[in-house]
Amino acid sequence: MTGSFALARDTYWVGVNDHETDLFEALWPLPYGVSYNAYLIVDEKITLIDAVKGHFLAEHLRKIRNLLPTGKSLDYLVINHMEPDHTGAIDILRSVFPQMTVVGNKKTLDMLNAFYGTGSTCLQVGDGDILDLGSHKLQFHLTPMVHWPETMMTFDTTTGVLFSGDAFGGFGTVDQGLFDDEIDLELMKGEMLRYFTNIVARYGQMVLKAIDKLQVLPLTVVAPTHGTVWRRDPSLPVSLYARWSAQECDPAVVVAYGSMYGNTYRLVQAAARALTERGITPTVHDVARSHASYVVADIWTSKGLILACPTYNTGLFPPMESLLAFLENKLLKDRLVGFITSYAWAGGARKALEAFAQRLSLEVVPPVVEVKGAGTVQDLEQCVLLASNMAQRL
Ligand code: FEO
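One structure accompanies this document, and this report is about it. (Residues numbered from 1 in each chain as written. Predicted model: local features only at pLDDT ≥ 70, side-chain atom pairs only at ≥ 80, totals over all residues. Heavy atoms only, no water.)

## What about the overall build of the chain?
Looking only at helices and strands, the chain features 12 helices and 23 strands. Structurally, the chain occupies a C-alpha span of about 80 × 35 × 35 Å along its principal axes. Burial analysis of the chain (394 residues in total) assigns 55% to the buried set. Considering only residue pairs separated by 6 or more positions, the chain has 72% of its internal contacts joining residues 24 or more positions apart. (Helix = DSSP H or I, 4+ residues; strand = E, 2+ residues; numbered from the N terminus. Buried < 20%, exposed > 50% of the residue type's maximum accessible area, 1.4 Å probe, protein only. Contact = heavy atoms within 4.5 Å.)

Structure representation (structure tokens):
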């Protein structure tokens, strides 16, 4: 998809697809790329809603120019979110369209100065304010901390399109199809969950507050700044984000393990097989090889979590330490956790795992398995018992 696409009357997608960035935020893999969605409303006042990453300015600008009526320019740029994947193009946009007014809330405009300096005419808006474009009336809804303090959403009261910023967004480009009725929905839901857990999850409570605020709006289209635009079922991204924000889980188990010489892995296999025999086939991740963005996403929708690793220099196996740091940062809660640890000459992993559970108030399912050396038949039986107890508790 190379052109601009209509979402609603006078309303066009002028975003770009990014297949070049391999790690979003220099952290999260992008096997299906990512889109930076921006939208143009061609009314008496011509308004750009959000922009794109600076690197993609030329394509973005070409799409905008193709839609501008002869002799017309941009009147407004509404910034729902200041992060540079949506504002990197601003500096040049405002030099190309010097008469353009930048619209944002107080925090947006503070950040605008911090990132790009002064140099624009600005219009500060507050919660509920209306901007009249002619036939379209835009209403602004402040939704702080979804996932930055300045985040807001813009609702077109004329067409029912909600420009939601990062909320309801997902990884994956939209070159296979922009709309939810055009795409492989299951694939995109997976990329959406990974986007949510990687980027937004820490602020789940604020997402729920935002969703609460949106309940009264008659949405016809949900248009986020990343990924699919939802026109067939605009309620679906909202309900998915609500579920994930509330950390509602399936009765499923993720087994995340690290193993240096195969001994911990043998214990993990016993637990995993025992779970499967009890009707719960776990999702198993080797934390040294599965990127944390996938492991965290699977954990997010699973009630049960078995963590297994050896002791490394009296502490946790480093990839496990890194995974736990992500989970703690994202405020994981209300999970059943089980632990399998091993050591050669000094323990340490068990203590660290138990401290993790305590900090996050997670329920530890017994027995905590701690094995010296390769593990005995009795140790394997303990792993089976842990799996059995976990299955019963789900
Ligand atoms: Fe897509 Fe938070 O920027």
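## Considerations on the sheet that holds strand S13 (residues 137–142)
With respect to topology, five strands assemble into an open sheet ordered S12-S13-S14-S15-S16, the strand pairing being mixed. Looking at the sheet topology across the chains shown, the edges are occupied by strand S12 (130–132) and strand S16 (221–224). Across the sheet, the axes of successive neighbouring strands diverge by a mean angle of 20°, strand direction being ignored. As paired elements, strand S15 (residues 161–165) and S16 share four bridges and run parallel to each other. Counted as the bridge partner of Leu-162 is Val-222 from S16. (Pairing = 2+ DSSP bridges. Axes fitted to C-alpha atoms, helices over the stretch in contact; angles between N-to-C directions.)

## Describing the pairing of strand S17 (residues 250–257)
Judged from the six bridges that link them, S17 and strand S19 (residues 302–312) form a sheet pairing that is parallel. Note on S19: the bridge partner recorded for Ala-256 is Leu-307. In terms of strand pairing, S17 meets strand S18 (residues 283–286) through four bridges, oriented parallel. Counted as the bridge partner of Ala-256 is His-285 from S18. In terms of handedness, the path from S17 via helix H8 (residues 263–277) over to S18 forms a crossover that is right-handed. (Right-handed = clockwise from strand over helix to strand, strands pointing away.)

## Comments concerning helix H7 (residues 235–245)
Within H7, the full set of buried residues consists of Leu-236, Pro-237, Val-238, Leu-240, Tyr-241, Trp-244 and Ser-245. Elements in contact with the buried residues of H7: helix H5 (185–200), helix H6 (204–214), S16 and helix H9 (292–300). Following H7 by one or two positions, Gln-247 adopts a phi angle in the positive range, close to 55°.

## Observations concerning the pairing of strand S11 (residues 121–124)
When strand S10 (residues 101–104) meets S11, the two strands line up parallel, connected through four bridges. The residue bridging Gly-104 from the neighbouring strand is Gln-124, located in S11.

## Side note on the packing of aromatic side chains
Under the defined criterion, the tally for this structure stands at 14 aromatic pairs. Considering the side-chain rings of Tyr-241 and Trp-244, the 5.9 Å spacing of their centres and the 50° angle between planes classify their relative orientation as tilted. A residue pair is termed a helical-turn pair when its members lie 3 or 4 positions apart in one helix, as Tyr-241 and Trp-244 do in helix H7 at three residues. Neither Tyr-241 nor Trp-244 differs from the other in exposure class; each is buried. Three or more aromatic residues link up through ring pairs in this structure, and these residues are Phe-168, Phe-196, Tyr-241 and Trp-244. It is Arg-194 that lies over the ring of Tyr-294; its NZ or CZ is 4.4 Å from the centre. Across from the ring centre of Trp-300, 5.7 Å away, lies the NZ or CZ of Arg-335, which sits over that ring. (Phe/Tyr/Trp six-rings, centres within 6.5 Å; stacked < 30°, edge-to-face > 60°. Lys NZ or Arg CZ within 6 Å of the ring centre and 35° of its normal.)

## So, the packing of H5 against H7
Closest axis-to-axis distance for the H5/H7 pair is 11 Å, and the angle between their directions is 45°. One element, H5, and the other, H7, form an angle in the oblique class. As H5 runs across H7, the sense of the crossing is right-handed. Contact residues: H5 offers Leu-185, Lys-189, Met-192, Leu-193, Tyr-195 and Phe-196, while H7 offers Leu-236, Pro-237, Leu-240, Tyr-241, Trp-244 and Ser-245. Looking at the contact of H5 with H7 residue by residue, the classes come out as 10 nonpolar, one polar and one charged. (Parallel < 35°, antiparallel > 145°, perpendicular 65-115°, else oblique. Left-handed = near helix turned anticlockwise from the far one by under 90°. Nonpolar A, V, L, I, M, F, W, Y, C, P; charged D, E, K, R; others polar.)

## Points about the pattern of salt bridges
One pass over the full model with this rule turns up 18 salt bridges. In this structure, Asp-18 and Lys-53 form a salt bridge, with 3.9 Å as the shortest nitrogen-oxygen distance. Remark: Lys-53 occurs in the loop between strand S8 (47–49) and helix H1 (57–67) and Asp-18 occurs in strand S3 (residues 16–18); sequence separation between them is 35 residues. On the basis of relative accessible area, Asp-18 is assigned to the buried category, the value being 0%. Two residues, Asp-286 and Arg-289, come together in a salt bridge whose shortest N-O distance is 2.7 Å. Given a relative accessible area of 15%, Asp-286 falls into the buried group. Connected via shared salt-bridge partners are Asp-181, Glu-182 and Arg-231. (Salt bridge = Lys/Arg side-chain N within 4 Å of Asp/Glu carboxyl O.)

## Notes on the sheet that holds S8
Within the open sheet, the seven strands sit side by side as S1-S2-S7-S8-S9-S10-S11. Their pairing is mixed. Across the chains shown, the open sheet's two edge strands, defined by having one partner strand only, are strand S1 (5–8) and S11. Strand-to-strand, the axes of this sheet are offset by a mean angle of 25°, without reference to chain direction. Sheet topology note: the S8/strand S9 (residues 76–78) ladder contains three bridges and is parallel. Residue pairing for S9: Leu-48 is matched across the bridge by Leu-77.

## Focus: the nonpolar core
Residues Leu-93, Phe-168, Leu-307 and Leu-323 are the most contacted members of the largest nonpolar core, which totals 88 residues. Beyond its immediate sequence surroundings of up to four residues, Leu-323 is in contact with Ala-256, Val-287, Ala-292, Val-295, Val-296, Ile-299 and Leu-307. (Core = buried A, V, L, I, M, F, W, Y, C linked by side-chain atoms within 4.5 Å.)

## Concerning the side chain of Thr-11
With respect to the secondary-structure elements, Thr-11 resides in strand S2 (residues 11–13). Note on Thr-11: relative accessible area 0%, which makes it buried. Polar side-chain contacts of Thr-11 include one of 2.8 Å to the backbone oxygen of Arg-9. Among all residues touching Thr-11, those that are not within four sequence positions of it are Phe-5, Ala-6, Leu-40, Ile-41, His-136 and Phe-163. (Polar contact = N/O pair within 3.5 Å; in protein donor to acceptor, adjacent residues only side chain to side chain.)

Geometry only, nothing functional implied.
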